[in-house]
Amino acid sequence: MTNSARPDLQNPLGKLLSVCLCALSLGVTASAADVSSQPLAWIHFSRDDKDISLFNGYPMYFVSGGGLEINLDVDPDPEHSLAFMWLCKENPGRGSSRSMKVLVNGNEKILTHAAVGDKEGAFFWDVVPVTAFGINKREKGNYHIVANRNPEGNHSSVVLQGIRLITDEKQLETLALPATTRKARFITPGPLGKDEQLARKVDRHAARKRIHRNWVGEKKLSKKAIQEDEFLSAAQKFADTAIMHGRDEYGPENSALFVQHLNRETLKAPGTLGWLKPAQGGPNHPVILSRFERSQNLLRFLASMSLFTGDARYAEAVMDSMICMFEDYIYPRSGLLAFGNHMSIDLVEGQAYSDGRGSEQFELQETFPFYEFFHDVSPGKTSRFIKGIWETYIRDWHSMRYNRHANFNTRVDIETVWNRPLREVADLPEFTQGGELSFIALAYDLAYSGFTLGCLEDDLKPRTWANRILEVVAAKSDPKTGIWPMMLYPPPFYRRGLETYVEAYPDSKANEARVIISSWINSVPIHALGVLGTIEQAKKHGRYEEIRKVHEAVDQWILNYMQAAYDPRAHHLRSILLDGQDVTDLVFTEEATLHGWGAQPGGSFRHRPVTPTFFAAVAQGFRLCTSPGSRTRYWKLLRNLYRGAGLGDIGENSKAIPTFNYEAKNGAEDGYVFALSEIYRVTRNPETLKFMEHLGREIIRRRQDSGSGLFVVEADRKQNFPALKEFKQSPHEGITVKDMMREKFGSNQLDYDRPKVVPLNITEPLALLAIYGCRTGEFEKIPSWVSIGMAHHAVMREQEIWFDRSKMESYYKNRKDYIKARGFVVNEDWFPEK
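The structure displayed is predicted, hence computed values, not measured ones. (Residues numbered from 1 in each chain as written. Predicted model: local features only at pLDDT ≥ 70, side-chain atom pairs only at ≥ 80, totals over all residues. Heavy atoms only, no water.)

A. Molecular detail of the overall build of the chain. Within the chain one finds 23 helices and 28 strands. Against the 2.2 N^0.38 benchmark of 28 Å for 834 residues, the chain shows a C-alpha radius of gyration of 29 Å, consistent with a compact globule. Judged by the C-alpha coordinates and their principal axes, the chain covers about 95 × 60 × 60 Å. Counting over 834 residues, the chain shows a buried share of 59%. Once local pairs closer than 6 in sequence are excluded, the contacts in the chain between residues at least 24 apart make up 75%. Split by element, the accessible area of the chain, about 32,900 Å² in all, is 47% carbon and sulfur. (Helix = DSSP H or I, 4+ residues; strand = E, 2+ residues; numbered from the N terminus. Rg over C-alpha atoms; globule rule 2.2 N^0.38 Å. Buried < 20%, exposed > 50% of the residue type's maximum accessible area, 1.4 Å probe, protein only. Contact = heavy atoms within 4.5 Å. Areas by Shrake-Rupley, 256 points an atom, 1.4 Å probe, with all protein chains shown as cover.)

B. Here's a closer look at the side chain of Glu678. Among the structural elements, Glu678 can be located in helix α17 (residues 670–683). For Glu678, the contacting residues outside a window of four places in its chain are Ala619, Gln620, Arg623 and Trp785.

C. Here's a closer look at helix α20 (residues 764–776). Its 13 residues give α20 an end-to-end C-alpha distance of 19 Å, which sits within 8% of 18 Å, the value for a rise of 1.5 Å per residue. Counting buried positions over the 13 residues of α20 gives 11, a clear majority of the element. Glu764, Pro765, Leu766, Ala767, Leu768, Leu769, Ala770, Ile771, Tyr772, Gly773 and Cys774 are the residues of α20 that are buried. Buried residues in α20 make contact with α5 (230–245), α6 (296–309), α17 and α18 (686–703). Where α20 terminates, the next one or two residues include Gly777, which has phi positive at roughly 80°. (Expected span 1.5 Å × (residues − 1).)

D. Summary view of the nonpolar core. Counting residues in each nonpolar core, the largest one holds 229 residues, and the members touching the most others are Phe373, Trp390, Tyr501 and Tyr561. Sorting elements by how many residues they give to this core places helix α7 (residues 312–328) first, with 11 residues. Excluding its chain neighbours within four sequence positions, the residues that come into contact with Trp390 are Trp397, Met400, Val417, Trp418, Leu446, Ala447, Ser449, Gly450, Trp465, Ala466 and Ile469. (Core = buried A, V, L, I, M, F, W, Y, C linked by side-chain atoms within 4.5 Å.)

E. A look at the confidence of the model for the chain. For the chain, the average pLDDT comes to 90, and 93% of its residues sit at 70 or higher. Note that residues 1–10 has pLDDT below 50 and, in this model, 23 contacts with residues that lie over four places away or in other chains. Low pLDDT (under 50) marks residues 21–34, which in the prediction has 18 contacts with non-local residues, meaning those over four places away or in another chain. (pLDDT = per-residue confidence, 0-100.)

F. Quick look at α6. Taking 1.5 Å of rise per residue, 14 residues should cover 20 Å, and α6 covers 20 Å from first to last C-alpha, within 8% of that figure. Where α6 terminates, the next one or two residues include Gly310, which has phi positive at roughly 75°.

G. View of the sheet that holds strand β7 (residues 107–114). On the basis of which strands lie adjacent, the open sheet formed by five strands has the order β7-β6-β9-β4-β12 and antiparallel pairing. Edge positions in the sheet fall to β7 and β12 (184–188), since each has one partner strand and no second. Within the sheet, the average angular offset between the axes of one strand and its neighbour, ignoring direction, is 20°. Pairing between strand β6 (residues 97–104) and β7: eight bridges, direction antiparallel. (Pairing = 2+ DSSP bridges. Axes fitted to C-alpha atoms, helices over the stretch in contact; angles between N-to-C directions.)

H. Expanded view of the packing of aromatic side chains. Under the counting rule described, the total for this entry stands at 46 aromatic pairs. Ring plane angle 75° and centroid distance 5.7 Å describe the contact between Phe824 and Trp830, whose orientation is recorded as edge-to-face. Aromatic rings pair up to connect Phe292, Phe326, Tyr331, Phe339, Phe362, Phe368, Tyr371, Phe374, Phe385, Tyr393, Phe408 and Tyr448 into one cluster. Sitting over the ring of Tyr544, Lys539 keeps its end group 5.0 Å from the ring centre. (Phe/Tyr/Trp six-rings, centres within 6.5 Å; stacked < 30°, edge-to-face > 60°. Lys NZ or Arg CZ within 6 Å of the ring centre and 35° of its normal.)

I. Local environment of the packing of α6 against α20. Interhelical geometry of α6 versus α20 gives an angle of 30° and a closest axis separation of 10 Å. When the interaxial angle is binned, α6 and α20 end up roughly parallel. In this structure, α6 meets α20 at a crossing whose hand is left-handed. Here Asn297, Phe301, Ser304, Met305 and Phe308 of α6 come into contact with α20, specifically with Pro765, Leu766, Leu769, Tyr772, Gly773 and Thr776. (Parallel < 35°, antiparallel > 145°, perpendicular 65-115°, else oblique. Left-handed = near helix turned anticlockwise from the far one by under 90°.)

J. How the structure looks around the pairing of strand β4 (residues 68–72). For β4, a buried count of four out of five residues is recorded, marking the element as mostly surrounded by other parts of the structure. Sheet analysis places β4 next to strand β9 (residues 143–149), joined by five bridges and oriented antiparallel. Bridging from a neighbouring strand, Leu72 pairs with Tyr143 of β9. Across four bridges, β4 lies against β12 in antiparallel orientation. When the bridges of β12 are listed, Glu69 appears paired with Thr188.

K. Main features of unusual backbone geometry. Going from Thr188 to Pro189, the amide bond is cis rather than trans, its omega being -5°. Locating Pro189 in the fold gives a position in the loop between β12 and α2 (194–199). You will see that Glu366, though not glycine, has its phi angle at about 55°, which is positive. As for its placement among the helices and strands, Glu366 is situated in the loop between β17 (361–362) and α8 (371–377).

L. Structural view of the pattern of salt bridges. Applying the stated rule across the entire model yields 52 salt bridges. A salt bridge links Asp311 to Arg313, with the shortest nitrogen-to-oxygen separation between them at 3.0 Å. Arg702 is paired through a salt bridge with Glu714; the nearest N and O atoms lie 3.2 Å apart. Highlighted residues: Arg702 in helix α18 and Glu714 in the loop between α18 and α19 (737–743), separated in sequence by 12 residues. Note on accessibility: Arg702 and Glu714 belong to one class, buried. Counted as one network, the salt bridges with shared partners bring together Glu669, Asp670, Arg702, Arg703, Glu714, Asp716, Arg717 and Glu764. (Salt bridge = Lys/Arg side-chain N within 4 Å of Asp/Glu carboxyl O.)

M. The arrangement of the side chain of Glu693 in detail. Looking at the element boundaries, Glu693 is found in helix α18. Among all residues touching Glu693, those that are not within four sequence positions of it are Phe231, Ile771 and Arg775.

N. Spatial organisation of the sheet that holds strand β16 (residues 351–354). Read across the open sheet, the three strands follow the order β14-β15-β16; overall the sheet is antiparallel. Each edge of the open sheet carries a strand with a single partner, namely β14 (289–290) and β16. As paired strands, strand β15 (residues 343–346) and β16 are joined by four bridges and run antiparallel to one another. If you follow Ile345 over to β16, its bridge partner there is Ala352.

O. Here's a closer look at the packing of helix α10 (residues 441–456) against helix α13 (residues 523–540). For the pair α10 and α13, interaxial distance at closest approach is 9 Å and the crossing angle is 15°. On the basis of the axis angle, α10 is roughly parallel to α13. For the crossing formed where α10 meets α13, the hand is left-handed. Here Ala441, Tyr444, Ala447, Tyr448, Phe451, Thr452 and Cys455 of α10 lie close against α13, whose contacting residues are His527, Gly530, Val531, Gly533, Thr534, Gln537 and Ala538. Broken down by class, the residue content of the contact of α10 with α13 amounts to eight nonpolar, six polar and no charged. (Nonpolar A, V, L, I, M, F, W, Y, C, P; charged D, E, K, R; others polar.)

P. Molecular detail of the environment of Tyr642. Turning to its location among the elements, Tyr642 is positioned in helix α16 (residues 628–644). Each C-alpha atom, one on Tyr642 and one on Asn661, is 9.7 Å from the other, the two residues being 19 residues apart in sequence. Apart from the residues lying within four places of it in its own chain, the contact partners of Tyr642 are Phe615, Leu647, Gly648, Ile650, Tyr672, Ala675, Leu676 and Ile679. Of the polar contacts made by the side chain of Tyr642, one reaches the backbone oxygen of Tyr672; its length is 3.2 Å. (Polar contact = N/O pair within 3.5 Å; in protein donor to acceptor, adjacent residues only side chain to side chain.)

Q. Geometry of the state of the cysteines. Per the counting criterion, the structure on display carries zero disulfides. Between Cys455, a free cysteine, and Cys625, which holds the nearest cysteine sulfur, the sulfur-to-sulfur gap is 20 Å. What makes Cys455 buried here is its relative accessible area of 12%. (Disulfide = S-S within 2.5 Å.)

Structural data, given as C-alpha cells:
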C-alpha cells in the first residue's frame, strides 16, 4: 500500500488516478495521513469483469443497456460520500453531455456532466454525499447501488472506471490501492467466471502444433546451405536481427511484440512523444511504439523464413506476438484488436493508446492482416475478430454502407453477423448518410477478411458477403470506363472544393468518389493488390468460381484505369476523373481551389511518377487473369511500363525472349522484383529470373546495412514528390534523402547521409524471398505483399536523434512551448540510458 499522491507509473491504474487528481484540483494542503488513507470500500473495474470496455487500455464500464449493480458492504452513514470516476470525453454523435440515473438504497438521483474538449482533462472524480440519496442517519446494512443510462434528453452513456466510498476527499489521493475491490460485490454484470477467464487465453500448445505443421518447412536447411544462397542469407541476416533485437525489452514485463523502428547501430528502439495528452489519460513520457497493423509485412516475411529454412524460430516469434495481441490487447465487447490508424501500443507501459479523438476509433486502411497465421494461432479469436470488423463497420447490409471509423467497444453478437437477408445488388443509394466517410480501401479490407475466413473455415456465408461488397463497389464503377470509385458513397454535398471540377467540366459529375488525382493516384495499386489478394485466396482454396464475375470487373478496372491515366511515352500518370477525363492541367484560382491533395491557387497538379507498386499490381493482375483478351492487354501494359522505366523490354508476348537493361540506375526497388516474380511464375523464362537476381543484388548492395542486416533508404533517393507543376510548397519537396538529413534537422545538424533509425515492416526482405522462391520453384512459400501499402522508409527527426542526449535536450528546448501546451514535463527519464 502507498499513501503517496505520486503515481506508480508502472501501474496504469495508478497513472490514471493521478490524472483524475490533477483534473479535480482539490487544493488540499493537509497530508493524506490526517485521515485513513484508504477509502472505506471501493471497486475499480478490471479485465476480469464482464462486459468491460477499454479506453486507452484502461478497463471502463458503459452505464447503459443492462445497467450496473453493486453492493458496498459498509454500514450507511450520512458522513460518507460516493466518488464516481468518470470519463467525460466529447461524443459529437450523441450530444454534448453524459448522464446516468443512480439509485442508492432505493433513492434516485440524476448525475449529468457536460463533455470536455481536447484542452481539458477527460477523467475526474464526481463526489456525491450520500445524504443526496436520503441517507440522513447511521444504520446497519450496506449500500445497494444501481446505475442506468438516463433515458431523458440527448445524452450519451456515462463511462465509469470505478466507485469509492469515502469520508474525506483526501482518500482520492491514495493511488495504488492493494486490490481492485474492497468490501464490494459486483452483482451486475459481475466478474468473469473461471471458464470465462480461461477462454481469454490462447491454447499455446495447440497453436504451436498448428504453426509447426503449416508454417515450418519439413527440411531444416544447414547453415552452409543458407549461406550459399546470397538472397536467403541476406534475408536471414535481417530476420535474425528482427527476432533478437526487434522485440519488446522496454517495459517491466517484456511482451512478444515487435517495435516499429530500430536504430541500426544501437539496435535499440527510439522513443517519441505520444499523441494523447496526459490530461486525457495518455502517457506522460516518451513512448516506444509498436503498431501491430504495421507489422504485417514483417510477420509474413518471418513466417515464410520458417517455411523456406525449416527453422521454427521465426514462425514462433510471429506466433508469440499474435498470442500477446489476442490475450492482452483485445477489446472484450467486440473482439477487435488494438490496432489501426488511430491506435498504438507503448511498450514502456504495455498500454494501447488512441490519438486523442472523441472516442477510440478503429480504422483499417489498406492493412490486409495475416489472417491465415492468425487463424492457426487461435481459430476462435480470429473468427471473432473478423466478425467484429464487419459488425462494427457495416451500417446497412443491403447497400454495404459503412463509415471509415468504427468503435472498438461495440458489443458484437458473433452468432448473428452473417445471418442477414441477401438481396440482389440493386436500388443502391447515390450518397452516404450523416457524416459517413466511406473511403474505398475499407471495402477491400472487409472483402479480404470475409473471404479469407470463409476459406479457412469452409463457410460459404462470409465468402458470400465478401463477394457482395465487391459486387456493390463494381456497381458503383463508371458506366463508361468501368473504373472503380475512391469512395463507396460520396456525401450529398461538395466537400473539399470539388465543385471546382463541376464548374470546369460540367458533364463530369465530379465528387469525392469520382476523382483519382494527385496523391490519391498512389493508392490505386495498393487497392488493386488488396482485391487481387482476395482473388488469390479464392484460387488457393478452390473457390474461384464464386468470385469469377467480380474478377472480370477487377481486370477491367485495372486495365481501363491505366489506359486512361498512364502515358507510355512520358511514363507518367495523369490526374483523372472516373469517366477518364484528364484534369491534370487545370490551374486553380483563389475562387476555385480544391481543399487538399496539395492544391493551391496559381498551381496545377504535376503528373505523378509510376511507382514500383504499380508494376507489382499490374503483374499480379496478369498472373491471376483467366481471360485471354485481358491477359494480352496486361502484357502490353507491362511491356510499356518496363520500357518506360528504362528497365528493358520484356518482349512482344510471354513467349518472347526479354532484353533487360542491366545499366538502369533506379532498378533497386522491391516492386520491380515482385512484378518480375509474378511474370516468371507464368513464363518460367530464365532471362527474367536472371534480371530479378540482378535487381536483388542491387537492393542488397544499396540498401542492406552490412552490420545489422537492416534496410535503409539510399542517400540519393528523392523523397516527398512535389504536388504542383508551378512551384514548391515546401523546401523538402523533391529533395534527396541526403539533403533532407541536412536541412530537416536545423540546429541539431547530422553528420551522416542516411537514416540510422529504420522501420522493420518493410518489403525488401519479401523481395529477397520472392527471388529465392523463384530460384527453387517453391512458389507456394513466397510471402504475399498484399500489405505493401503499410511499408515505407521515412526520416523522423525526433527518433533519429533519440540516442544523442545533447541533441535531444536542444530539441526539447526548441519545442518547449509545444511540450508545455500538451501538458508534458521533461525530466530525467525522458532520455535513454547510456
